[in-house]
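Observations on chain architecture
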Amino acid sequence: MVVSQRGAGPGERTVVGKESGSNRAPRLRTLTRALPVTPALVILVLFLAGPIAYCAYIAFTDLQLTGQAESSFTGFDNFRTAFEDDAFLNAVWLTLVFTFLSSIVGQNTLGLALAALMQRASKPIRTLTGGIVVTAWVLPEVVAGFLLYAFFRREGTLNAILDWLHLPSQNWLFTLPILAVSFANVWRGTAFSMLVYSAALNEIPKEITEAAEVDGAGGWRRMWHITLPMIRRSIGTNLMLNTLQTLSVFGLIWVMTRGGPGNRSQTLPLFMYEQAFQKSMIGYGTAVALLLLVVGSLFSLVYLRLLRTEV
Amino acid sequence: MRPTPTPLLVATLLTATALTACGSGSGSDPDTVEISYKQSTDNSVRVMDKYLADIKTQFEKANPGKKVKLVPIKAPDSEYYTKLQQMLRSPKTAPDLVYEDTFLINSDITSGYLKPLDPYLDKWDDWGQFIDTAKSAAQAEDGKTYGVPDGTDTRGLWFDKGIFKEAGLPADWQPRNWDDILDAARTIKEKVPDVTPMNVYTGKPAGEAATMQGFEMLLYGTATGATESPLYDTGSKKWITGSQGFKDSLQFVETVFKEKLGPDVSDALDPNFATRVRGELLPEGKLGINLDGSWLPQDWLKGSGHEWPEWSEKLGLAYMPTQNGQSPGKVSMSGGWTWAVPSKAANPDMAFEFVKLMQTKANAQKWYIANSGIAVRTDVAEDPAYAKAQPGIEFFTDLVANTHYRPAYPAYPKVSTAIQEAMEGVTTGDSSVTEAAKGYDEELKSVTDNQVIKK
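No experiment lies behind these values; they were computed from the predicted model shown.

Conventions we followed
- Residues numbered from 1 in each chain as written.
- Chains lettered and ligands numbered in written order.
- Predicted model: local features only at pLDDT ≥ 70, side-chain atom pairs only at ≥ 80, totals over all residues.
- Helix = DSSP H or I, 4+ residues; strand = E, 2+ residues; numbered from the N terminus.
- Buried ≥ 20, exposed ≤ 12 C-beta atoms within 10 Å, placed from the backbone.
- Contact = placed C-beta atoms within 7 Å.
- Rg over C-alpha atoms; globule rule 2.2 N^0.38 Å.
- Domains from an automatic or database assignment.
- Nonpolar A, V, L, I, M, F, W, Y, C, P; charged D, E, K, R; others polar.
- Core = buried A, V, L, I, M, F, W, Y, C linked by C-beta atoms within 7 Å.
- Pairing = 2+ DSSP bridges.
- Axes fitted to C-alpha atoms, helices over the stretch in contact; angles between N-to-C directions.
- pLDDT = per-residue confidence, 0-100.
- Parallel < 35°, antiparallel > 145°, perpendicular 65-115°, else oblique.
- Left-handed = near helix turned anticlockwise from the far one by under 90°.
- Arc of directions from axis to C-beta.
- Right-handed = clockwise from strand over helix to strand, strands pointing away.

1. Points about the overall build of chain A
- The number of helices and strands found in chain A is 16 helices and 0 strands.
- The principal-axis extent of the C-alpha atoms belonging to chain A is close to 90 × 75 × 30 Å.
- Counting across all 311 residues of chain A, residues that qualify as buried make up 31%.
- Summarising the internal contacts of chain A: among those between residues at least 6 apart in sequence, 68% fall at separations of at least 24.

In structure tokens form, the structure reads like this:
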């Protein structure tokens, strides 16, 4: 016991020695042990738990930014309104589409494909590709949003290329806004998946792949039966990080379409912003934010299960 | 290690006290008056900045030791209001003087953001010079006045004489009803294909401009009585749903965008489109008809970035007709901005001194002329130097007789957003006129706590 206390101050050790045996000692010890973490705890409570608790409270009030003398507690009204609100349901649907397209299909699959291809590529190609892809990821969200806005807009690069190929051009941000912003998110976020998967693929022992090769397994079979099961954990982690990040994408969409035209690219974060700050209904907006949190945790639960089960 | 309940509780209490402490006390310097206003998103237009800088110099000269700090907020309209309201919530961030749009002022008064100015106004001789409608613009339902108006505005049709000539339309064009406007736009589309035939502001990105310059200019022309508001029933104090006028106005907007008489939908829904209309499309002769406000020439004055003094030869003015030409024949909407003192201001007295200085006759006149405003002070309005200062002032001042004020009750900003949504629906073609009108009726019920009446 005393030996394990080496790190503590001499004063404390005497106290422990004197009162050992009585039941006050462990409690006091717990308290003194808690002392070093207290500053961190206070800061966490102050800057993390505090605002979250305040947000959760606001979500149950009808607080408005303007046009209201006093706010009052309204229970679950905001949540009831949300589920009856077509615009909210539209936003949930678009959020799921956006997340599925850009995170699960786009970033994740493309990232894995890139990582697998880069394993076989020569070193200069690997460096070059890696560099380009990571650049997209390093760019600040707003800059990336603006670049892709310039790419997709009517007078933009994409239409210039299409014109040159004599293919029909159109205003992408207007005709297919959710696809355009999904593509933008893939463009920006693939690098992260690629890095995660590169690391995971490097961890697979060469002998196993070679053994499978000797047994006559082709490329696809090796991928399916060896590689994927062995990087299962990385897939889970990567999907979770990707999805949670994609769920909360705001700047990219805001810069490109502002959720428009109409509300055809209005995902939950944009809907939340519109309700809270443009329509001044802070209470309702915060309730939507909490619901977004629920959507996020549902995804996390699924992925956590994926991480836990053994092959 | 799991934290025991006691430290957690203590920490929470500490947090609560610390957070409350943030709320009280002000960090403001007693000798500095802070002024927030909206800065144009067009970098070459600095009308207000220059004017305020001038008043700041006068103020600091007249009050040695005192300082004026200008805090411009550079944002499109709708974001300016949000930012301002957030600043007004805390004494830490609340400026001493703010520029408030009259459409929002009642809403902000209800929130308790602003200070009643009556004690100051009672002791201020110049207040008698303000016309009554302007005085009531910033008067709340409690009868107190919360803002000093710095001018008003009216709205009408601006048209490009060059484009009209090319299309074979008269230089003294004056439509008598909505169909005349649409016909002119169709003619332009056919004869001068490389210009935008007409512009009506629309959708949420345009904010209040869509509601007022666009929709209400149409809607108020569908009313039969001259004074009736087709939005709000003053008798029952309820908002009006399901009116035919509302649908007809949406129909007009739909026609403009369906027949491609307006700007490209993606341009129309760009939040900075208004800036482009004033800075590019009109001066470059790319826009046939523009339904817009009286203040446009402020961007074209000498020294204001887009210098275009010859605008009065290039552009014609016509009043906006009623739907079928019914009496009184013309429509205009009026709004305007006021200077208001936040209730959490640290130096309200000095702030009002600054307002008084801005509103000496000479300074007020300078401002009306600089921002192409319509005077709300009788002494300025009667001054021939003001009426002659700019072409167009007479035309727009005459419209004051037929102008309407918005029902700027606390719910108005949300009603306005609901109108913008309905407009956006028919602009993009996402919803039909009937669907959009139905959506508005539902939204209206929810934002006004069911204070609606069917007409």
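That covers the picture; the talk isn't over yet.
2. Observations regarding the overall build of chain B
- A tally of helices and strands in chain B yields 20 helices and 15 strands.
- Taken over the C-alpha trace, chain B has a radius of gyration of 23 Å; the compact-globule value for 455 residues is 23 Å, and the two agree within 12%.
- In terms of principal-axis extent, the alpha carbons of chain B reach across some 80 × 60 × 45 Å.
- For chain B, the residues scored as buried account for 50% of the 455 residues in total.
- In chain B, once contacts between residues fewer than 6 apart in sequence are set aside, the share between residues at least 24 apart is 76%.

3. Here we look at the domain arrangement of chain B
Residue and element names in this part refer to chain B.
- The domains assigned to chain B are domain 1 (32–149 + 336–402) and domain 2 (155–334 + 407–454).
- Counting residues at the interface gives 28 residues for domain 1 and 32 residues for domain 2.
- Elements with a contribution of two residues or more to the side of domain 1 that touches domain 2: α3 (77–88), α4 (102–110) and α18 (393–398).
- In terms of residue count, α4 provides more of the side of domain 1 that touches domain 2 than any other element does, 7 residues in total.
- Of the residues assigned to the side of domain 1 that touches domain 2, the class counts are 12 nonpolar, 14 polar and 2 charged.

4. Let's talk about the nonpolar core
- By size, the foremost hydrophobic cluster in this structure holds 166 residues, and its most contacted members are A:Val288, B:Leu97, B:Ala351 and B:Phe354.
- Apart from residues lying up to four places away in sequence, B:Ala351 is in contact with B:Val33, B:Asp96, B:Leu97, B:Val341 and B:Ala345.

5. Regarding the sheet that holds strand β4 (residues 148–149) of chain B
Residues and elements named next belong to chain B.
- With respect to topology, 5 strands assemble into an open sheet ordered β2-β1-β3-β13-β4, the strand pairing being mixed. Looking at which strands have only one partner, the edges of the open sheet turn out to be β2 (67–74) and β4.
- Along the sheet, helix α2 (residues 47–62) contacts β1 (32–39) and β2; its crossing angle with β2, the most-contacted strand, is approximately 170°.

6. Details of the sheet that holds strand β9 (residues 287–293) of chain B
Residues and elements named next belong to chain B.
- Spatially, the 4 strands line up as an open sheet ordered β6-β9-β5-β10, and their pairing is mixed. Two strands bound the open sheet, and with one partner strand each, they are β6 (196–199) and β10 (315–318). Ignoring which end each strand starts from, the neighbouring axes of this sheet average 20° apart.

7. Comments concerning the interface of chain A and chain B
- The interface is formed by 25 residues belonging to chain A together with 31 residues belonging to chain B.
- Elements represented by at least two residues in the side of chain A that touches chain B include exactly α2 (24–34), α3 (38–58), α9 (172–175) and α15 (268–278) of chain A.
- Residue composition of the side of chain A that touches chain B, grouped by class: 11 nonpolar, 10 polar and 4 charged.

8. Here we look at the confidence of the model for chain B
Residues and elements named next belong to chain B.
- Of all residues in chain B, 93% attain a pLDDT of 70 or more, and the chain-wide mean is 87.
- Here residues 1–27 is modelled with pLDDT under 50, and outside its nearest four sequence neighbours on either side it reaches 22 contacts, counting other chains as well.
- Interface confidence for the predicted complex, expressed as ipTM, amounts to 0.71; the pTM equals 0.76.

9. Some words on the packing of helix α9 (residues 208–219) of chain B against helix α10 (residues 244–258) of chain B
All names here are of chain B.
- It is the contact of α9 with α10, at a shortest axis distance of 8 Å, that shows an interaxial angle of 130°. By the angle class used here, α9 and α10 are oblique. Remark: the crossing between α9 and α10 carries right-handed chirality. Residue-level contacts link Phe215, Leu218 and Leu219 of α9 to Gly245, Phe246, Ser249 and Phe252 of α10.
- Among the residues forming the contact of α9 with α10, the class breakdown is 5 nonpolar, 2 polar and no charged.

10. Some remarks on helix α15 (residues 361–370) of chain B
Residues and elements named next belong to chain B.
- Inspection of α15 places Ala364, Trp367 and Tyr368 among the buried residues, and these make up the whole buried set. The buried residues of α15 all sit within an arc of 100° when viewed along its axis, so they share a single face.
- Following α15 by one or two positions, serine 372 adopts a phi angle in the positive range, close to 50°.

11. Some remarks on the domain arrangement of chain A
- We note that the domain assignment places domain 1 (3–58) and domain 2 (86–308) within chain A.
- Of note, the centres of domain 1 of chain A and domain 2 of chain A, computed from C-alpha atoms alone, are 42 Å apart.

12. A look at unusual backbone geometry
- Residue B:Pro328 follows B:Ser327 across a cis peptide bond; omega there is 5°.
- Checked against the element boundaries, B:Pro328 lands in the loop between β11 (320–321) and β12 (330–334).
- Positive phi, close to 55°, is recorded for A:Arg258, a residue that is not glycine.

13. Details of the pairing of β1(B)
- Within β1(B), 6 of the 8 residues are buried, which leaves it mostly tucked inside the rest of the structure.
- Taken together, β1(B), α2(B) and β2(B) form a β-α-β motif whose crossover is right-handed.

14. With respect to the environment of B:Phe164
All names here are of chain B.
- Here phenylalanine 164 lies in helix α7 (residues 161–166).
- Linking phenylalanine 164 and isoleucine 289, residues 125 residues apart in sequence, is a C-alpha distance of 9.1 Å.
- Once residues within four sequence positions are removed from consideration, phenylalanine 164 is found in contact with Phe159, Leu169, Ala171 and Trp173.

15. Some details on the environment of B:Thr378
Residues and elements named next belong to chain B.
- Along the chain, threonine 378 falls in helix α16 (residues 378–381).
- The exposure class of threonine 378 is exposed, given the 12 C-beta atoms found within 10 Å.
- Expressed as a C-alpha distance, the spacing of threonine 378 and aspartate 180, which sit 198 residues apart in the sequence, is 36 Å.
- When neighbours within four sequence positions are excluded, threonine 378 is seen to be in contact with Gln129 and Ile131.

16. Examining the confidence of the model for chain A
- In the predicted model, chain A carries a mean pLDDT of 84, and the fraction of residues at 70 or more is 91%.
- Counting contacts from residues 1–21 of chain A, a segment whose pLDDT is below 50, to residues more than four positions away or on other chains yields 12 contacts.

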